[in-house]
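Analysis of the macromolecular model
Given next are the chains, with one letter for each unit.
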Amino acid sequence: MKLLEERIRRDGVVKEGNILKVDSFLNHQMDIDLFNAMGEEFHRLFADRPVNKILTIEASGIGIAVITAQHFHVPVVFAKKAQSVNLDGEMYTTKIESFTHKRTYDVIVSKKFLSKDDHVLVIDDFLANGCAVNGLIDLIRFAGASVEGVGIAVEKGFQTGGKLIREKGIRVESLAIIDSMDAGTGEIVFREQG
Ligand code: 5GP
């Protein structure tokens, strides 16, 4: 998506450790017109799928998921990061290793909000090693629901997440895929997408 690529080029900052900072429009301050264009594009890309629910993870996925859901007219569920899991059988739980914070979280979704009748689109801001998205897919599978696809704003194509998830036969649509980035020069190379 050209609009997102241009914005990343203009306002994104490449940090050491393969981190792209996009605080000024995506992760801290949020550009809602851009989010709306991204939501519209996810809706176009997944128009052939019977999506009835969007699943994301707190915190940074929520904004994009909510605006995307306005195009699908479906509810959003966000997986919560929990300090300790109360195993009372009311929750689906899994563990996710955070790429940016280098720690492992228990993540939970209430059984009330995910069931075998659901057709779920996963939305998140970044795809790096795939831990977050894989965890969300686990939760969907525990519920017996269907994964209709994964929509990502920024995929770092030089990390393994996208490949691993596509190899499972899951459709992943990323609005911008970065093939390489250099913290020294600030250069960002995007993958050409059809
Ligand atoms: P993964 O689980 O795929 O390794 O990492 C995805 C999660 O880590 C995303 O939900 C995102 O919050 C965070 N993340 C990974 N890489 C980056 C990055 O380069 N920049 C930012 N801002 N967040 C990232």
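Scroll up a little and you will see the structure.
Below you will find a few notes about this structure. This is a predicted model, so every value here is computed, not measured. (Residues numbered from 1 in each chain as written. Predicted model: local features only at pLDDT ≥ 70, side-chain atom pairs only at ≥ 80, totals over all residues. Heavy atoms only, no water.)

1. Considering the side chain of Asp124
Within the fold, Asp124 resides in strand β7 (residues 119–127). No salt bridge is formed by the buried Asp124; the nearest opposite charge belongs to Lys81, separated by 8.1 Å. When sequence neighbours within four positions are dropped, the list of residues in contact with Asp124 reads Thr56, Ile57, Gly61, Ala132, Gly151, Ile152 and Ala153. (Helix = DSSP H or I, 4+ residues; strand = E, 2+ residues; numbered from the N terminus. Buried < 20%, exposed > 50% of the residue type's maximum accessible area, 1.4 Å probe, protein only. Lys, Arg positive; Asp, Glu negative; His and termini not counted. Salt bridge = Lys/Arg side-chain N within 4 Å of Asp/Glu carboxyl O. Contact = heavy atoms within 4.5 Å.)

2. Here's the deal with the environment of Gly162
Within the element layout of this structure, Gly162 appears in helix α6 (residues 161–167). Given a relative accessible area of 1%, Gly162 falls into the buried group. In sequence terms Gly162 and Asn129 are 33 residues apart; their C-alpha atoms lie 7.6 Å from each other. Aside from chain neighbours lying at most four places away, what touches Gly162 is Leu127 and Glu155.

3. Details of the pattern of salt bridges
Oppositely charged side chains can pair when the atoms bearing their charge come close. Using the criterion set out here, one finds 15 salt bridges in the structure. Of the charged contacts, one joins Asp11 and Arg7 as a salt bridge, the two residues approaching to 2.7 Å between their closest N and O atoms. Here Asp11 pairs with Arg7, and both are found in helix α1 (residues 2–11), just 4 residues apart, close to one helical turn. Under the relative-accessibility criterion, Arg7 is labelled buried at 16%. Note that Asp11 and Arg10 form a salt bridge whose closest N and O atoms lie 3.3 Å from each other. Taking the relative accessible area as the measure of exposure, Asp11 reaches 25% and is therefore partly exposed.

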